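Okay, here's what each chain looks like letter by letter:
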Amino acid sequence: MRRALSRCLPWMLMALSALSAFGGTAVEPLKVAYLYHFTHFIGWPDLPPGAPFVIAVIGDPVLAEALRALERDERRVENRPIRIRTIETRETESGLQCDDCQLLFVGAAAQDRIDRILDAVAGRAVLLVGDSPGLARRGVAINSFLKADILGEGERLRFEMNPAALAGRGLKVSSQLYEVARVLP
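Parameters and conventions
- Residues numbered from 1 in each chain as written.
- Predicted model: local features only at pLDDT ≥ 70, side-chain atom pairs only at ≥ 80, totals over all residues.
- Heavy atoms only, no water.
- 1 Å grid on protein atoms, 1.4 Å probe; cavity = no way out; pocket = protein on both sides within 12 Å on 5 of 7 lines; lining within 4 Å.
- Points joined across faces, edges and corners; volume = space filled by probe spheres on them.
- Helix = DSSP H or I, 4+ residues; strand = E, 2+ residues; numbered from the N terminus.
- Nonpolar A, V, L, I, M, F, W, Y, C, P; charged D, E, K, R; others polar.
- Core = buried A, V, L, I, M, F, W, Y, C linked by side-chain atoms within 4.5 Å.
- Buried < 20%, exposed > 50% of the residue type's maximum accessible area, 1.4 Å probe, protein only.
- Polar contact = N/O pair within 3.5 Å; in protein donor to acceptor, adjacent residues only side chain to side chain.
- Salt bridge = Lys/Arg side-chain N within 4 Å of Asp/Glu carboxyl O.
- Pairing = 2+ DSSP bridges.

A.B. asks: How would you explain empty space enclosed by the protein if you had to name every residue and give the values?
C.D. replies: As enumerated under the stated definition, the model contains 1 cavity of 30 Å³ or more in all. The calculated volume of the largest cavity comes to roughly 40 Å³. Around the largest cavity sit Lys31, Tyr34, Leu35, Phe38, Phe105, Val129, Gly130, Ser144 and Leu157, which together line it. Sorting the residues of the lining of the largest cavity by element identifies helix H2 (28-38) and strand S6 (127-130) as the ones contributing at least two each. The element best represented in the lining of the largest cavity is H2, accounting for 4 residues. Grouping the constituent residues of the lining of the largest cavity by class yields 6 nonpolar, 2 polar and 1 charged.

A.B. asks: Outline the nonpolar core, listing residues and values.
C.D. replies: Judged by nonpolar contacts, the single largest core of 36 residues is most densely connected at Leu67, Leu127, Ile142, Phe159 and Leu177. At 6 residues, the largest contribution of residues to this core is made by H2. Residues Cys98, Cys101, Ile114 and Leu135 belong to the second largest nonpolar core, which totals 17 residues.

A.B. asks: Describe the side chain of Ser174, and please don't skip the residues or the numbers.
C.D. replies: Residue position: Ser174 is located in the loop between strand S9 (172-173) and helix H8 (175-179). A residue is classified by how much of its surface remains accessible, and Ser174, at 9% relative accessible area, is buried. In terms of polar contacts, Ser174 uses its side chain to reach the backbone amide nitrogen of Gln176, at 3.0 Å.

A.B. asks: Requested: an account of the pattern of salt bridges, with residues and values cited.
C.D. replies: Across all of its chains, the model carries 6 salt bridges by this definition. Its salt-bridge partner being Lys31, residue Asp131 comes within 2.4 Å of it at the nearest N-O pair. Taken together, the residues Asp131 in the loop between S6 and helix H6 (135-138) and Lys31 in helix H2 connect sequence positions 100 residues apart. Judged by relative accessible area, which is 18%, Asp131 ranks as buried. Across the pair Asp100 and Arg85 runs a salt bridge whose closest N-O atoms are separated by 2.9 Å. Of this pair, Asp100 sits in the loop between helix H4 (91-94) and strand S5 (103-106) while Arg85 is found in strand S4 (residues 80-87), placing the two residues 15 residues apart along the sequence. Among the residues examined, Asp100 registers a relative accessible area of 39% and is labelled partly exposed. Its relative accessible area of 23% is what places Arg85 among the partly exposed residues. Because the salt bridges share partners, they merge into one network encompassing Glu28, Lys31 and Asp131.

A.B. asks: If you had to explain the pairing of strand S7 (residues 142-148) to someone new, which residues and values would you point to?
C.D. replies: Where S6 meets S7, 2 bridges bridge the pair, whose relative direction is parallel. Pairing of Val129 across the sheet is with Ile142, part of S7. As defined by bridge partners, S7 adjoins strand S8 (residues 155-161) across 7 bridges and the pair is classed as antiparallel. Looking at S8, one finds that Asn143 is bridged to Glu160.

A.B. asks: Can you lay out unusual backbone geometry for me, pointing to particular residues and giving the numbers?
C.D. replies: With a phi angle near 50°, Glu78 is a residue other than glycine that sits in the positive phi range. Following the sequence through the fold, Glu78 ends up in the loop between strand S3 (76-77) and S4. The exposure class assigned to Glu78 is partly exposed, which follows from its relative accessible area of 39%. In this structure, Asn79 is a non-glycine residue whose phi angle is positive, near 60°. Position of Asn79 among the secondary structure elements: in the loop between S3 and S4. A residue is classified by how much of its surface remains accessible, and Asn79, at 63% relative accessible area, is exposed.

Listed below in structure tokens is the structure:
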């Protein structure tokens, strides 16, 4: 894992400085890269033998479709094939089923249901990631946001981490990920 981290950290730092001011869907490939590379900085406990690594998306069908490139490219996490699963926002009403996912991305269309989503994955080894203002403070572990660059010429994609949201999930988080994130108190 340490070797993978040393290979990924320079990429992460480069991605952090990449401009994403092209608006809308131009940011999606960068989000896909972020999500994929986050998996190299997190350790999941006792994944079932032979099971795929499942990334579920709720509230962002555009990102879900962009993530399917990871399946097509046969990308792997911890030597497991990646599978993308879309969860309909209405599933939060009847009880969100995400027993098979290791990473759950909460899109803007689902942010108003964050309390139900948090309840559904409480105490489980699921990394919650979002991209809406305030989600990290509400309990999402990693939240991306756009920030103006220092020259004022555009925006850059950044991310913040909530250590309290990671506590009790059984996930092992590399200190290197904390070094490149804005960490919430």
